[in-house]
Amino acid sequence: MSEKHLVRKAFTDILLALAKEDSRLIALATDSRGSVTLGDYALELPEQFVECGIAEQNAVGIAAGLANAGLHPFVCSPACFLAARSAEQVKVDVGYSHTNVKLMGVSGGVSYGALGTTHHSTQDIAWMRTVPNLQVILPADANQMTVLTRALAESAEPAYVRMGRGAVPDVYGENPAFEIGKANRLRSGKGCAIIACGEMVYPALLAAEALGVAMYDMHTIKPLDVEAVLEAAGYGRVLTVEEHVTAGGLGSAVAEVLCQRRPVPMRIMGLPVDALYNGSGDEVKAHYGLTQAGIEAAARELMA
C-alpha cells in the first residue's frame, strides 16, 4: 500500500506558499477553513483571505469581482454546497463571463459518508461540465494536487476542482508530469482499458495491474482528452470508474466520444441516480462495487 496523504492539505500548503510570493492570490472560505485546512493560510495571510460565512453564492460573486479587479481568487468550500447552492453564480459570473475564478470543491463524492444525501456531491461533474468556459478537474492524489495548484495559479481560465476529504494513497511520486486536459496513461495492457478519475484512480490501477489491462487517469473531465479516449478504445473495451452518478460524469463524457467516433463495448461504473446506501464513504463505495475487487469483477465481465 502506498503512503496516504490528504489532498486538501496538499492544496492549501502549496496555495499558501504561492500566495506568499504573489499577493494577487486570494483564498475565500465559506465558514470552511477547517474543512479545507485553510487555518494557517488565514493566520499568515489575513489580507489575502476572505471569510464569506455560509454563503456560497456570495463567495462566488465576490470572487468574480476580485478577478475583474485583477486578482486571482480561489473559492474553497465543501463541494456539495459549492456546486449546488451557487449554481447560478458559477454559470453566469464565472463561466458565461469567462472570469478567472478557481472553484475548489472539498469533500466531494461520498466523503461525508453517513451525513447522507445533503452532504454528498455526486452530481457536480454532470453540472459543471455543461457550464461554458469552465474546466473540470479531479486530482488523483496529493502529489498531483500540488502540481495542479501551481498550474491553476498560472492559468487565467476558470476551473472547478473536486477533491475528497480523507487521506488517499499516492498514485504518483513528487512533481509528476501533469497538463490540464491531457490524460495520463498509467499502464498498457490487453483486452480492455480502464479510465478513472479522482480517488477512483488508485483502486482502478490496482485492478488493471491484477488483470493486465490498460489504465488511464482522466484527471481532466473538461476539456476531455479525446485522443486518449480513442487510444483507450483501441484496447477493444472500455470501463470507466468514477465516484459520481453514472449520468453526466466521466462515463458519459467518454461515451459521447466513443458512440460518435469509435464505438466499442463499454461499461460505466459509478453511483446510481437514486437515494444512496447510507454509511461511511468507504462503505458506500464498497456497496456499489467501487473497490479494486469490484472493478476487477466488472472488467472481467466486460471482457467475457
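Residues numbered from 1 in each chain as written. Predicted model: local features only at pLDDT ≥ 70, side-chain atom pairs only at ≥ 80, totals over all residues. Heavy atoms only, no water.

1. Section: the overall build of the protein
Inference 1: Each helix and strand in the protein was counted, giving 13 helices and 14 strands.
Inference 2: At 18 Å, the protein has a C-alpha radius of gyration in line with the 19 Å of a compact globule built from 304 residues.
Inference 3: Over its C-alpha atoms, taken along the principal directions, the protein stretches across nearly 60 × 40 × 35 Å.
Inference 4: Across the 304 residues of the protein, 57% fall into the buried class.
Inference 5: If you average the places of the 24 positive and of the 33 negative side-chain charges in the protein, the two averages end up 5 Å apart. (Helix = DSSP H or I, 4+ residues; strand = E, 2+ residues; numbered from the N terminus. Rg over C-alpha atoms; globule rule 2.2 N^0.38 Å. Buried < 20%, exposed > 50% of the residue type's maximum accessible area, 1.4 Å probe, protein only. Lys, Arg positive; Asp, Glu negative; His and termini not counted. Charge placed at Lys NZ, Arg CZ, Asp CG, Glu CD.)

2. Side note on the side chain of Glu242
Inference 1: Here Glu242 shows up in strand S13 (residues 238-245).
Inference 2: One buried charged residue, Glu242, remains without a salt bridge, the closest side chain of opposite sign being Arg162 at 7.0 Å.
Inference 3: Excluding residues within four positions of it along the chain, Glu242 makes contact with Cys197, Met200, Gly249, Leu250, Gly251, Ile268, Met269, Gly270 and Leu290. (Salt bridge = Lys/Arg side-chain N within 4 Å of Asp/Glu carboxyl O. Contact = heavy atoms within 4.5 Å.)

3. Things to note about the sheet that holds strand S10 (residues 193-196)
Across a sheet, strands are paired by hydrogen bonds formed along the backbone, either parallel or antiparallel in direction.
Inference 1: The 5 strands lie next to each other as S9-S11-S10-S13-S14, forming an open sheet whose pairing is mixed. Of all strands in the sheet, those with a lone pairing partner are strand S9 (184-187) and strand S14 (266-271), marking the two edges. Strand-to-strand twist across the sheet, computed as the mean angle between neighbouring axes with direction ignored, equals 25°.
Inference 2: Two strands pair when backbone bridges link them, and S10 and strand S11 (residues 214-217) are joined in this way by 4 bridges, in the parallel orientation. The partner of Ala196 across the bridge, within S11, is Asp217.
Inference 3: Strands S10, S13 and S14 of the sheet are contacted by helix H11 (residues 250-261), whose axis makes an angle of about 145° with S13. (Pairing = 2+ DSSP bridges. Axes fitted to C-alpha atoms, helices over the stretch in contact; angles between N-to-C directions.)

4. Description of the confidence of the model for the protein
Inference 1: Per-residue confidence for the protein averages 97 on the pLDDT scale, and 100% of its residues sit at or above 70.
Inference 2: The spread of mean pLDDT over the elements of the protein runs between helix H2 (residues 33-36), the lowest at 93, and S10, the highest at 99. (pLDDT = per-residue confidence, 0-100.)

5. Topic: the sheet that holds strand S12 (residues 220-222)
Inference 1: Pairing in this open sheet of 7 strands is mixed, and the strands run S3-S2-S4-S5-S7-S6-S12 from one edge to the other. A strand with exactly one partner marks an edge of an open sheet, and here the two such strands are strand S3 (49-51) and S12. When strand polarity is set aside, the average angle formed by the axes of neighbouring strands in this sheet is 20°.
Inference 2: Where strand S2 (residues 25-29) lies against strand S4 (residues 72-78), 5 bridges are found, and the strand directions are parallel. If you follow Ile26 over to S4, its bridge partner there is Pro73.
Inference 3: Running at roughly 170° to S4, helix H4 (residues 56-68) makes contact with S2, S4 and strand S5 (102-106) of the sheet.

6. Comments concerning the packing of aromatic side chains
Inference 1: Scanning the entire structure with this criterion turns up 2 aromatic pairs.
Inference 2: Measuring from centroid to centroid gives 6.2 Å for Phe11 and Phe74, while their planes differ by 35°, and the two rings are tilted. A residue pair is termed long-range when its members are at least 10 positions apart, and Phe11 in helix H1 (residues 7-21) and Phe74 in strand S4 qualify at 63 residues.
Inference 3: Its relative accessible area of 1% is what places Phe74 among the buried residues.
Inference 4: Measuring from ring centre to ring centre gives 6.5 Å for Tyr41 and Phe49, while their planes differ by 55°; the resulting arrangement is tilted. Of the two residues examined, Tyr41 and Phe49, each falls in the buried class. (Phe/Tyr/Trp six-rings, centres within 6.5 Å; stacked < 30°, edge-to-face > 60°.)

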